[in-house]
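Structural characterization, general
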Amino acid sequence: MGLTILPLGGYQEVGKNCTAVIIDDEIVLLDMGLHLEGFISVQEEIDEFTVPSTEQLLTAKAIPDLSFVDLSKVCAIIASHAHLDHIGAIPFLADRIKAPIHATAFTGNIIRRLCEDKKIDLHNKLTIHDSNSTFKVGKHIEAEFIHITHSIPQTVVIVLHTPYGKIVFAIDYKLDNTPVLGSITNEKRLRELKNADVLFLDSLYAGIDAENSEMYARTMLEENFQTYNRKGKALVVTTFASHTARLKSIMELGRKIGREVIFIGRSMAKYCDAAKDENIFDFSNVEFIRFGSKVRRFFKKINKQNRDKYLFVVTGHQGEHNAMLSKMIDLKWFQFEKDDVVVFSSFVIPTDTCVMSRAILEEKLHQHEVTVIKDIHVSGHAYYKDHIKMLEMIKPKMVVPIHAELDKMEKMKDTCASYGEVHILENGKTWTYK
Ligand SMILES: [Zn+2]
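Residues numbered from 1 in each chain as written. Predicted model: local features only at pLDDT ≥ 70, side-chain atom pairs only at ≥ 80, totals over all residues. Heavy atoms only, no water.

Our next topic: the sheet that holds strand β8 (residues 142-147). By definition, the strands of a sheet pair up through backbone hydrogen bonds, in either a parallel or an antiparallel sense. Spatial strand order, β7-β8-β9-β10-β11-β18-β19: seven strands in an open sheet with mixed pairing. Looking at which strands have only one partner, the edges of the open sheet turn out to be β7 (133-136) and β19 (421-422). Direction of pairing for strand β18 (residues 398-402) relative to β19: parallel, over a ladder of two bridges. When the bridges of β19 are listed, M398 appears paired with E421. Packed on one face of the sheet, helix α13 (residues 384-394) meets β10 (165-170), β11 (198-202) and β18 and runs near 165 degrees to β11. Each of β11, β18 and β19 is contacted by helix α14 (residues 406-416), which is oriented at about 145 degrees to β18, the strand it contacts most. (Pairing = 2+ DSSP bridges. Helix = DSSP H or I, 4+ residues; strand = E, 2+ residues; numbered from the N terminus. Contact = heavy atoms within 4.5 Å. Axes fitted to C-alpha atoms, helices over the stretch in contact; angles between N-to-C directions.)

Judged by nonpolar contacts, the single largest core of 72 residues is most densely connected at L29, M32, I97, F106, F225, F263 and F283. In terms of residue count, helix α9 (residues 266-277) provides more of this core than any other element does, six residues in total. Among the domains, domain 1 (3-209 + 380-432) and domain 2 (214-373) are the pair contributing at least three residues each to this core. Excluding anything up to four places from it in sequence, F263 contacts L247, M251, M268, C272, F283, V286, E287, F288, I289 and V313. (Core = buried A, V, L, I, M, F, W, Y, C linked by side-chain atoms within 4.5 Å. Buried < 20%, exposed > 50% of the residue type's maximum accessible area, 1.4 Å probe, protein only. Domains from an automatic or database assignment.)

On to helix α5 (residues 105-117). Here α5 is 13 residues long and its end C-alpha atoms lie 18 Å apart, about the 18 Å a rise of 1.5 Å per residue gives. In terms of burial, α5 is a largely internal element, ten of the 13 residues being buried. Among the residues of α5, A105, F106, T107, G108, N109, I110, I111, R113, L114 and C115 are the ones counted as buried. Residues of α5 that are buried sit in contact with α3 (84-87), α4 (90-93), β5 (101-103), β6 (126-128), α8 (244-256) and α9. Just downstream of α5, K119 is the residue with a positive phi angle, here 55 degrees. (Expected span 1.5 Å × (residues − 1).)

H81 (NE2), H83 (ND1), H150 (NE2) and D172 (OD) make up the full set of protein donors to the zinc ion, lying at 2.1 to 2.3 Å. Coordination at the zinc ion is irregular, judged from the four donor atoms that bind it and the angles of 91 to 161 degrees they form at the metal. Mapping the donors of the zinc ion onto the primary sequence gives the spacing H-x1-H-x66-H-x21-D. One end of the pair, H83, is in the loop between β4 (74-78) and α3; the other, H150, is in the loop between β8 and β9 (156-162), with 67 residues separating them in the sequence. (Donors = N, O, S within 2.8 Å, 3.2 Å for Na, K, Ca; no water. Tetrahedral: all angles 85-135°; square planar, octahedral: opposite > 155°, others 65-115°.)

On to the sheet that holds β6. Taken in spatial order, the seven strands line up as β6-β5-β4-β3-β2-β1-β20 in an open sheet, and their pairing is mixed. Edge positions in the open sheet fall to β6 and β20 (431-432), since each of these has one partner strand only. For strand β1 (residues 3-9) and β20, the ladder comprises two bridges, and the chain directions are antiparallel. By the bridge assignment for β20, I5 is matched with W431.

Within the secondary structure, E187 is located in helix α6 (residues 187-192). Note on E187: relative accessible area 14%, which makes it buried. Separated by 3.1 Å, the side chains of E187 and K389 make a polar contact. Discounting residues that sit within four places of it in the chain, E187 has contacts with L175, N177, K389 and M393. (Polar contact = N/O pair within 3.5 Å; in protein donor to acceptor, adjacent residues only side chain to side chain.)

Moving on: the packing of helix α7 (residues 214-227) against α8. Direction vectors running N to C along α7 and α8 enclose 30 degrees, while the axes themselves pass 10 Å from each other. Viewed along their axes, α7 and α8 adopt a mutual orientation that is roughly parallel. For the pair α7 and α8, the crossing hand works out as right-handed. Here E214, A217, R218, L221, E222 and F225 of α7 lie close against α8, whose contacting residues are A245, R246, S249, I250, E252, L253, G254 and K256. (Parallel < 35°, antiparallel > 145°, perpendicular 65-115°, else oblique. Left-handed = near helix turned anticlockwise from the far one by under 90°.)

What follows deals with the environment of E252. By the secondary structure assignment, E252 is in helix α8. Not counting the four nearest positions on each side in its chain, E252 is found in contact with R218 and F281. Among the polar contacts made by the side chain of E252, one reaches the side chain of R218 at a distance of 2.8 Å.

Here the focus is the packing of α5 against α9. Running from N to C, α5 and α9 cross one another at 140 degrees; their axes reach a closest spacing of 10 Å. On the basis of the axis angle, α5 is oblique to α9. The handedness of the crossing between α5 and α9 is right-handed. Of α9, the residues touching α5 (which contributes F106, N109, I110, R113, L114 and D117) are K270, Y271, D273, A274, A275 and D277.

Another aspect to go through is the packing of aromatic side chains. With the rule as written, the count across this model stands at 15 aromatic pairs. Summarising the aromatic geometry, the rings of F298 and Y310 are spaced 5.4 Å apart at their centres and angled 75 degrees between planes, so their arrangement reads as edge-to-face. On the criterion of sequence distance, the pair formed by F298 in helix α10 (residues 292-300) and Y310 in strand β15 (residues 310-314) is long-range, its members being twelve residues apart. Pair check on accessibility: F298 and Y310 agree, each one buried. Pairing F334 with F336 gives two aromatic rings, centres 4.9 Å apart and planes at 75 degrees, and the pair type is edge-to-face. Taken individually, F334 and F336 each receive the classification buried, so the pair is uniform in this respect. Linked through ring pairs, F298, F299, Y310, F312, F334 and F336 together constitute an aromatic cluster. Above the face of the F288 ring, R290 is positioned so that its terminal group lies 5.5 Å from the ring centre. Sitting over the face of the ring of F344, R358 holds its NZ or CZ atom 3.7 Å from the ring centroid. (Phe/Tyr/Trp six-rings, centres within 6.5 Å; stacked < 30°, edge-to-face > 60°. Lys NZ or Arg CZ within 6 Å of the ring centre and 35° of its normal.)

It is worth spelling out the environment of V348 at this point. For V348, the location among the structural elements is in the loop between β16 (341-344) and α12 (352-367). Sequence separation of V348 and A359 is eleven residues, and the distance between their C-alpha atoms is 9.5 Å. Residues within four places of V348 in sequence aside, it is in contact with Q318, C354, V355 and R358.

Structure follows, in structure tokens:
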């Protein structure tokens, strides 16, 4: 009996986030994410339409290893937000568990769509909760969702109210007072959690400070759209399909410079359809071209006379082979010309694979003498100022850094030194504190 934490992913790596919280004889699983590099490597070995087996994904370390968990005791799976490194493993693992999945409406919508994409039946009951609400998940356990800003709609801090105290999971977040879409963080409720027992804290940018307001990204986009709205030249923007606020800015600013905005590809449509379903933002006025055959036909109509009429919005900012921007170049779906412009509204993810893929992509664009504009982006993750503010609000007794490699979590010790005891956890190793 007591309270034990069993980290399953996201404690020595960025990705496959999953934490088991064992409270007496019940277990709550928080998030069930993919390690994206591992997942992409498996998917590229087969093909983009074949569903990989759970065994293939485990071998590639692309999904959390649940063999450490007594799955018969799991009473709830709770999702913090709809990024794939937090919910992407649900279609592959949830059927092993006879417990409901709890999520906000947007996150639940994306979970359903991920299952449909893979033609996987989701047998678990999907229970939807408001962003600021509390609900029972076990005999003596309540979970609470608190709205917080990130880079995807309806992200929440998860609080577990247990007989052994309050555990706060600030998993992926930033504190953005100008989020462009959606409301600001519910700081009032976070302050009420003062003196919580444990705070799990997003540590991706431990010790670093920079601008991360979404309004700043919008301002950079506007400046660049005005500068590079070249007569007779194509303008392409590549960003995250899941970043609804960024896509809203791109759509509005594209129209402001007089271009028709076209969202291209199935994943763009997937997240925008979910945003419309859940009354978050309606992209009905944008033209979507979802499927490859239609995309090819559309691009064939682009010529010298009309190439400056459009703003093309595509996936592929990391240089992924199967994403739209790579297909436009490698499969010659689009004929890039000198002084066309490609804007990367993203950062390069600092892994060897992403850095290399992106460098290859940029080289191909340079061969066509395309103007490449980079880093028109702000992170969705907390920097130093957000870490300090969160620590000030919660004033936890203990802090567990998460969502980072070991060296960053060690850095978090310095940031947290004057707040609570810092505990560095490892995947597969339990931590019992009560
Ligand atoms: Zn996230």
